[in-house]
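What the coordinates show
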Amino acid sequence: RSCIPCNRRKLRCDRKFPCGRCVKGGEQCVFPGPKRAPRQLKRPPIAEVLAQLRQLEQEVQLLRAQAQQPAEAGASPLGHPLEEAAGPLEPGEREGRLVVKEGKSRYVGDAPSAVLGDKDICDASSSEDELETPETSGLHFASSLGGNWRNHSLRDTYLQPDQMQRLWQVYQDNVAPLLAVLHVPSVEIMVREESENINPDPAREALILAVCFAAIVTIPPDQCMTLVGMDCEKAIQSYQLAVDQALVRANFIKSQNICVLQAAVIFLLCLRWRGDARLVWAASAVVVRVAQGQGIHRDGQSLGLSPFDSEMRRRLWWHICLLDMVCSEEQGTDTQIQPGMFDTRLPHNIDGADLDPSMTELPPEKTGATDITLLIIQCDIISELNWPNRRNGGARDAQSTADQEPLVTTVANRLEGRFLQHLDMNIPIQWVYAMIIRLTLSKLWLYAHYNKMASHESRSGWSQAACDDAFQAAVETIKFTILLHTNESTSQWAWLCKTYKQWHTVAFILAELCNRPITAETDHAWQV
């Protein structure tokens, strides 16, 4: 270290004893001791800490007092007593619920709260206490402001030309028909140039690694060993780390390159199947912010962009909306994206292969299935059924809740006439589209039937028909889910189907089975 006189005068010291500057200036040369100076901790005053502690104690006492009011709270709609909910739940009046238990708290929003009723959901959160390896315990790209790969051999390991080509083909077969984020002809050129090491670029490397990760997630274990020479679990963990570090290297948070954003969206949508759902949910919020920074939430046509760029940005934005919706639904929270914060239009029902960067206008829309049809239908459902009660920024009212069932009917009939009746059930991928949409509508029917049941003050006031309709809708939802998971002819797309987790529907069915007499319907539910 520099001597004390040089350090005080901010001069360069030659670190000799005595140093040249002290000899020349006639000063006594003194070097600091081996120990560092003690740090001054910037702690708040004790009085401030005690005041915060008293405030927290008052809030805890208030929550406990609210939870210990059985006369006001009564029984839950599913016939179970309230335990430690943060206040009595009145159907149709509360947006969500906060459940507190054993020092833990968790908030749930509309759909999980409606289906689960007052069940204990603190233990249903993600595995925060599970031990994980440091390499896979987080997603660094969502918090890093840039930097180099910690392991520079990643490119040599994961971007081998033959391996890239094989995984790219798997992506086209297993992922592209379900997630139309990329323009396949353009990425085809990108993969070929990357194989030949032409103009290597961190953004393209991140995108290609995300494609490889998505392909590995979708293949069975025996095929994984053949393609990449690794066990399936090891391959997923290795490529997850590689994509994460590639996004860090591409400076994801500050990036203005749409390829980096596409890579992150594909990565998170596929990581939902084999990764930590809560990490994906948290990282998806960062993706929304980065997309806003790139202006993806504004329609490209109004910004003067080309038809091709406008359409690809629409596809990307609505996949981000889908990611936000499914992650928020799984965690029981409100979505980050709300109506009014964007004006990006829905994509046109056009195959990606019919799009070209040099086109001056878009081709006419198709009436049948395209690679973007599934996304259009899913986002149409989100716009009509998940967002309508938030357009004015307010909570749901009783009338909107009561109107949910006819609204679901209206949307289902419109989608049937515009899309579903044009799907060919003999074509496997179109059968998958139809089943996914039926599953989504079945879940919404369950939610609508529950709202009809919850509109009564007590379970004795519910009509038996409403109870039976909700129970049948829940059983049908599970049957659709099992069918999607087990159908052999569509097994290559089952990975996406398995991301539609139905834990809240199962909880509703089990609660109903506890209260219903043994009948043919209950026996059938147990068999399902």
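For clarity, every value in this text was computed on a predicted model and none was experimentally measured.

1. A look at the overall build of the protein
Broken down by element type, the protein carries 22 helices and 2 strands. In the protein, which comprises 528 residues, the share counted as buried stands at 47%. Across the protein, the fraction of contacts at a sequence separation of at least 24, relative to all contacts at a separation of at least 6, is 69%. Counting every atom, the protein has about 26,500 Å² of accessible surface; 51% of that belongs to carbon and sulfur.

2. Overview of the pattern of salt bridges
Summed over the entire model, instances satisfying the criterion amount to 14 salt bridges. Asp299 serves as the salt-bridge partner of Arg314, at 2.8 Å between the closest nitrogen and oxygen. Pair noted here: Arg314 is in helix H14 (residues 307-331) and Asp299 is in the loop between helix H13 (277-293) and H14, with a separation of 15 residues, a long-range link. Measuring nitrogen to oxygen at the nearest pair gives 3.1 Å for the salt bridge that ties Arg516 to Glu512. Taken as a pair, Arg516 and Glu512 share a single burial class, namely buried. The network of salt bridges with common partners includes Glu193, Glu194 and Arg204.

3. Quick notes on the nonpolar core
Residues Phe141, Tyr171, Tyr239, Leu247, Leu268 and Ile320 are the most contacted members of the largest nonpolar core, which totals 115 residues. Element by element, the count of residues in this core is highest for helix H9 (residues 202-218), at 13 residues. Residue contributions to this core reach at least three from each of two domains, namely domain 2 (138-364) and domain 3 (423-527). Judged by nonpolar contacts, the second largest core, of 11 residues, contains Ala470, Phe471, Val475 and Phe508.

4. Regarding unusual backbone geometry
Cis geometry is adopted by the peptide bond preceding Pro18, which originates at Phe17 and carries an omega value of -10°. Mapping Pro18 onto the fold places it in the loop between helix H1 (4-8) and helix H2 (20-25). Phi at Lys10 takes a positive value of approximately 60°, unusual for a residue other than glycine. By secondary structure assignment, the location of Lys10 is in the loop between H1 and H2. Given the relative accessible area of 72%, Lys10 is considered exposed. Although it is not a glycine, Asn251 sits at a positive phi angle of roughly 55°. Tracing the backbone through its elements, the reader meets Asn251 in the loop between helix H11 (232-249) and helix H12 (258-274).

5. Details of the environment of Gln262
Within the secondary structure, Gln262 is located in helix H12. Put simply, Gln262 and Val287 are 25 residues apart on the chain and 9.7 Å apart in space, counted from C-alpha to C-alpha. Contact partners of Gln262, with chain neighbours within four places excluded, come to Val181, Leu182, Leu207 and Leu316.

6. Section: the confidence of the model for the protein
The predicted coordinates should not be examined in detail at positions where pLDDT is low. When pLDDT is averaged across the protein, the result is 77; 73% of the residues are at 70 or more. For the protein, the element scoring lowest by mean pLDDT is helix H4 (residues 70-73), at 42; H14 scores highest, at 93. For residues 110-136, every residue scores under 50 in pLDDT, and the model assigns this stretch 62 contacts once sequence neighbours within four places are set aside. In the predicted structure, residues 390-399 sits below a pLDDT of 50 and forms 17 contacts with residues beyond four places in sequence or in another chain.

7. As for the packing of aromatic side chains
Throughout the structure, instances matching the rule amount to 5 aromatic pairs. Note on Trp168 and Tyr171: the rings are 5.7 Å apart at their centroids and 15° apart in plane angle, and the pair reads as stacked. One end of the pair is Trp168 and the other is Tyr171, both in helix H7 (residues 161-174) and 3 residues apart, which spans about a single turn. By the burial criterion, Trp168 is buried, and Tyr171 matches it. Note on Trp318 and Phe342: the rings are 5.4 Å apart at their centroids and 85° apart in plane angle, and the pair reads as edge-to-face. Separated by 24 residues along the polypeptide, Trp318 in helix H14 and Phe342 in the loop between H14 and helix H15 (373-386) bring together distant segments of the chain. No difference in accessibility class separates Trp318 from Phe342, as the two residues are buried. Three or more aromatic residues link up through ring pairs in this structure, and these residues are Trp317, Trp318 and Phe342. Sitting over the ring of Phe471, Arg516 keeps its end group 4.4 Å from the ring centre.

8. Some points on the packing of H13 against H14
Contact pair H13 / H14: the axes reach a minimum separation of 9 Å and the direction vectors enclose 145°. Taken as a pair, H13 and H14 cross one another with a handedness that is left-handed. Contacts between H13 and H14 pair Ala277, Arg278, Val280, Trp281, Ser284, Val287, Val288 and Ala291 from the former with Trp317, Ile320, Leu323, Cys327, Ser328, Glu330 and Gln331 from the latter. Here the contact of H13 with H14 is composed, by residue class, of 10 nonpolar, 3 polar and 2 charged.

9. Some remarks on the state of the cysteines
One pass over the structure, following the stated rule, counts 0 disulfides. Free of any disulfide, Cys232 has its nearest cysteine sulfur in Cys224, 4.6 Å distant. The exposure class assigned to Cys232 is buried, which follows from its relative accessible area of 5%.

10. Notes on the side chain of Thr344
Here Thr344 shows up in the loop between H14 and H15. Taking relative accessible area as the criterion, Thr344 reaches 5% and is therefore assigned buried. A distance of 2.8 Å separates the side chain of Thr344 from the backbone oxygen of Ile296, its partner in a polar contact. Filtering out sequence-adjacent residues up to four positions away, Thr344 remains in contact with Ile296, His297, Arg298, Asp299, Arg314, Trp317 and Trp318.

Rules and cut-offs
- Residues numbered from 1 in each chain as written.
- Predicted model: local features only at pLDDT ≥ 70, side-chain atom pairs only at ≥ 80, totals over all residues.
- Heavy atoms only, no water.
- Helix = DSSP H or I, 4+ residues; strand = E, 2+ residues; numbered from the N terminus.
- Buried < 20%, exposed > 50% of the residue type's maximum accessible area, 1.4 Å probe, protein only.
- Contact = heavy atoms within 4.5 Å.
- Areas by Shrake-Rupley, 256 points an atom, 1.4 Å probe, with all protein chains shown as cover.
- Salt bridge = Lys/Arg side-chain N within 4 Å of Asp/Glu carboxyl O.
- Core = buried A, V, L, I, M, F, W, Y, C linked by side-chain atoms within 4.5 Å.
- Domains from an automatic or database assignment.
- pLDDT = per-residue confidence, 0-100.
- Phe/Tyr/Trp six-rings, centres within 6.5 Å; stacked < 30°, edge-to-face > 60°.
- Lys NZ or Arg CZ within 6 Å of the ring centre and 35° of its normal.
- Axes fitted to C-alpha atoms, helices over the stretch in contact; angles between N-to-C directions.
- Left-handed = near helix turned anticlockwise from the far one by under 90°.
- Nonpolar A, V, L, I, M, F, W, Y, C, P; charged D, E, K, R; others polar.
- Disulfide = S-S within 2.5 Å.
- Polar contact = N/O pair within 3.5 Å; in protein donor to acceptor, adjacent residues only side chain to side chain.

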